Structure formats: structure tokens, C-alpha cells
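# Summary of the model geometry
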Amino acid sequence: MKILYKSIVLICYLLFNIAINAQDVNPRLAKQLKQTVDSMRQVVAANGMSVAIQFSNDEAWAVGSGVSTFSPVDSITPAHSFGKGSTAKSITAMCILQLVDEGVLSLEDSLHKWLPIYPYIDSTITIRQLLRHESGVADFLAVAAFQSVALEETNRIWEAEEVIRRFAQSPSFPVGTKWGYSNVNYVLLELIIEKVTGNQFERELEQRFFEPLGLNSFKNPAFDSISEPYAHLWLDITGDGMVDDAGSFITSWHSLFSAVSPASGYFATPTDLAKFMKKSMSGSLLTPETFAMATETVFTGLPNSIRYGLGIMESKYLGYKAYGHGGDISYSTQALYFPELDISIVVATNDARVLSWNLISTVIAILQTYLDYESTVTNVASLLQTSVKVTIFPNPFEEELNLGIQTPTSMKAVTIQLYHMDGKMIWSNSRDLSAGQNDFSFNMPEELSSGLYTLKIKSNNSILNQQSILKQ
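Residues numbered from 1 in each chain as written. Predicted model: local features only at pLDDT ≥ 70, side-chain atom pairs only at ≥ 80, totals over all residues. Heavy atoms only, no water.

## Details of the overall build of the chain
Each helix and strand in the chain was counted, giving 15 helices and 21 strands. Computed over its C-alpha atoms, the radius of gyration of the chain comes to 25 Å, within 12% of the 23 Å expected for a compact globule of 472 residues. Relative to its full complement of 472 residues, the chain shows a buried share of 57%. Of the roughly 19,000 Å² of accessible surface on the chain, a fraction of 50% belongs to carbon and sulfur atoms. In the chain, which carries 33 positive and 47 negative side-chain charges, the distance between the mean positions of the two groups comes to 4 Å. (Helix = DSSP H or I, 4+ residues; strand = E, 2+ residues; numbered from the N terminus. Rg over C-alpha atoms; globule rule 2.2 N^0.38 Å. Buried < 20%, exposed > 50% of the residue type's maximum accessible area, 1.4 Å probe, protein only. Areas by Shrake-Rupley, 256 points an atom, 1.4 Å probe, with all protein chains shown as cover. Lys, Arg positive; Asp, Glu negative; His and termini not counted. Charge placed at Lys NZ, Arg CZ, Asp CG, Glu CD.)

## Details of the sheet that holds strand β15 (residues 389–393)
Taken in spatial order, the three strands line up as β15-β16-β19 in an open sheet, and their pairing is antiparallel. Of all the strands in the sheet, the pair left with one neighbour each is β15 and β19 (436–443). Strand-to-strand twist of the sheet, defined as the mean angle between neighbouring strand axes without regard to direction, takes the value 15 degrees. As judged from the five bridges shared by β15 and strand β16 (residues 400–407), these two strands associate in the antiparallel manner. Of the residues in β16, the one forming a bridge with Lys389 is Gln406. (Pairing = 2+ DSSP bridges. Axes fitted to C-alpha atoms, helices over the stretch in contact; angles between N-to-C directions.)

## Concerning the sheet that holds strand β18 (residues 425–433)
Strand order in this open sheet of four strands is β18-β17-β20-β21, and the pairing throughout is antiparallel. One side of each edge strand has no neighbouring strand; the edge strands of this open sheet are β18 and β21 (462–471). Mean inter-strand twist for the sheet, computed between neighbouring axes without regard to direction, equals 20 degrees. Direction of pairing for strand β17 (residues 411–420) relative to strand β20 (residues 451–459): antiparallel, over a ladder of six bridges. Each residue of the ladder has a partner; that of His420, found in β20, is Tyr453.

## Here we look at the side chain of Ser68
Mapped onto the elements, Ser68 comes out in strand β3 (residues 60–70). Those residues in contact with Ser68 that sit more than four places away from it in its chain are Asp74, Ile76, His80, Tyr230, Ala231, His232, Trp234 and Asn350. (Contact = heavy atoms within 4.5 Å.)

## Looking at the pattern of salt bridges
Within the structure shown, the criterion is met by 16 salt bridges. For Lys113, the salt bridge goes to Asp109, with nearest N and O atoms at 3.6 Å. Since its relative accessible area comes to 53%, Lys113 is described here as exposed. By relative accessible area, which is 9% here, Asp109 ends up buried. Linking Glu134 and Arg132 is a salt bridge whose minimum nitrogen-to-oxygen distance equals 3.1 Å. (Salt bridge = Lys/Arg side-chain N within 4 Å of Asp/Glu carboxyl O.)

## A look at helix α2 (residues 27–44)
Here α2 spans 26 Å end to end across 18 residues, near enough to the 26 Å set by a 1.5 Å rise per residue. Taken as a whole, α2 has its buried residues at Leu29, Ala30, Leu33, Thr36, Val37, Asp38, Met40, Arg41 and Val44. (Expected span 1.5 Å × (residues − 1).)

## Section: the packing of helix α3 (residues 88–101) against helix α8 (residues 184–197)
Across the interface, α3 lies against α8 with an axial gap of 10 Å and an inter-helix angle of 40 degrees. When the axes of α3 and α8 are compared, the pair comes out oblique. Remark: the crossing between α3 and α8 carries left-handed chirality. Contacts from Lys89, Thr92, Ala93, Cys95, Ile96 and Leu99 in α3 reach Tyr186, Leu189, Ile192, Ile193, Val196 and Thr197 in α8. When grouped by side-chain class, the residues that make up the contact of α3 with α8 number nine nonpolar, two polar and one charged. (Parallel < 35°, antiparallel > 145°, perpendicular 65-115°, else oblique. Left-handed = near helix turned anticlockwise from the far one by under 90°. Nonpolar A, V, L, I, M, F, W, Y, C, P; charged D, E, K, R; others polar.)

Given below as C-alpha cells:
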């Protein structure tokens, strides 16, 4: 039990084969990404790894590598959920920021406005300071008293206020004088959300994010059954230097997950987390003014020159800015969105020997693979764009559109698409092209109204040629 206790203390302190799921992602890119993930799982020495990418056109790609369990063998797939650790802070922050947009509260509101007086908690702390870890509030997860009780009463469901009152400690520093990471900041934000909305915190997130965005795998095991399958956690329980299957223990540890719900309490598939990161970190869930405030970051001293905003970590990899969050709850996760590329990348492992910082190299390797592929495609597309000739007749057209495409080389699955001037695609057709002249005749949709349209010829999502055409 003593060795188990030491292992669990590590979990609390850290709160701070193969299957592919590809949706219209180029097979060559999918193969290259798969090879990268397999290789990096070996590099970081993880039992299991799962990676998901949400591309700029909202196509998704995901892969699993390694195993969840050995007996029986259960290989990791994109459907496996992982503990997401502190990536939950980004979701909690988005909830608060939406309430700011709704005019319900202000970032400058103090705790005194919304909450009662708590021991050791300065009531002048603002919501902004909680979100950005500038409050000085001590982290109860590092307190031995909490760790001991959490182990002794594993089935206990904690109320957030009970946790604050029972385990609060003297401040780590005066309010607003420095940066200091504390999970308790987000427990206080949970209390504010419940006070303002009148909803249980977990239900508020479901209604705001998980249900509308179709993120069905997001579950807190203290309050709901985790979506099957889930990746079993591998943790050194006995202290012999070897990791053991702790899947059943970790998912039934209700006292931990209820206490840390707004800070680190959720399981989800990497695919669902990648969707949320792209949606939230692109600013589409907030007004531009509020998102600008969310991405005002401060120095932290964390590895990789990470800066911190309002529930958002800011970093830079391969010259590209990244917004997102890391997470450790013995499971480890890196979830990042690259605004200049408009893609999100999530990497997760089920091996307690691997920390989220260790996954940065995997994110970089995946990003490099993607950039290398895009560079090749762009170069090929640039050459083709100068030599792919398109003729359209008649123009203006009525019901029938005749199209001639001349290309110097044969091409598979070239997509022909018709767009309205508002940018909405209204017709699509895919054809193989042979080298030389290719002639096609298409009947356009009967409901097509008169007006100006754009015809695009695309290969691997690169535009080879586009023309404006008029419907009579």
C-alpha cells in the first residue's frame, strides 16, 4: 500500500497493432503519418499512443499504435478514450469566456462578487487571474492530506466547495505578483460557473460544447460511464520499475476525478479533443474581442518557452505558433492548434512513464510530416496549374455544361466542383483524367438558379484551375 500511495502521489502531482480512421485524407499522407506515429511511439517508449489531426477543411485523420491491454491483447484504435488531464482547463476557460461574451460576468469580477469567503483564498482575486494562474492560490493536489483522503475514500464524490474549504492552504504568493500553476484556480472557476448558470458544472459543459459539437466521448468517470473502449492506464503500482495495468483502478477513482473535474477530470478520444481544439483555439466560439483577451499571454518559465493566456498555452514549433494545452494524469496528452495552418494535432498516451512534455517531439514529427507532404503537393500542383487547360462551352450555359480539360499527365480522382458566389459548393463530380484532352458533358441540377458561379478543378484538395461561368 505504501508503494501504491507513492505512485498515486505522482498522479496527483502531475495533474498540472494499429488501426486507422481516415476521412477523405490522401492515402499517401495517411501512410506517412502512420509511419511517423509508429516510430515516435517507439522513441517515447509508450505502451500505447493515439494521434488525431483536424485539417483546415475539417477532414479528420486518426491512428492508434500499441496496446491498451496485453491479456487479452487489445490494440489501440482511434475509438479508444484517454484521460486528458489538464486539457480540461481549456474547456472550463471557454465556458467562462462565453459567459463573458453573454454579459453575465466580467474578467475583472472578483471572487467576492460571486463566492463566499474561503480560508486562505483572497476574495480580491479576479476571474482573469484565476484563468491565467496569477492568483497565488496554493494547489491542494500537492497537499498530502488530500492525497491520503482521496486514496482512502476512492468512491467519494466531492463537492467543489467542500474541497476548497477542507484542503485550502496558505497562498503561494501575493495576488497578481507572478505566475504559478494551480489546479485550484479552476475549481474556483467551477464554483463561479455553477453560481452564474444554476447548472451542475459537468452538465453546463455538455449543453454548451459536447452535445452541440457532437463530442460524445467526453466523460468524467466520477459522474458518467466512460465511453467504450478506453485505453487502460499503465502505471508502476508495485514499485518494481515495471508498469502494471491500472485501467480498472484509475477509472473507478471517483474521489480524484470529482475533485479535479474542471482542471483535469475528463476522458475523450483524441479525435473529439482535436475537434474541440480547432473549434475553440481558432476563436470561433468567442467574439473577436474576447478571444483577443484569451490569447494575451504571460511568461511562465515552463519548458519550450511556453506562455499562458486564459486557459491557453502558447508555444512555437517549426516556426509556427501553437495554441492549446498539455495534460498529465498519468495519461499524458498534448493538444495543439496551429492558427497559421488551421490544423489541430492531439497526441495521447496511456503510459505513466511518459509525460506530456515528452510528447512535444511527437507533435513536431507529425507536423514536419504534414509540412513535407504539403510542400510536395504544392510543388506538384504549381506545375500542374500552369499546364492544365480548361475550356467551358457554352458559357453562359443552360441545362448542359460541356467541359474540356487538357493535362500533360494522367491523373486519378480529379474533382470538378461548382460553387455559388457565396462560397457554397452546390455540385461535385470526380473523374480520372488521361494525358492530353479529356471531354465531358454534365447535366446541371434543375434547381440551379441563374447567376454567376465558379467552377474549380481540384486534385488532392489543391486547385488546378478555376473559371467563372454564367448560368442563364
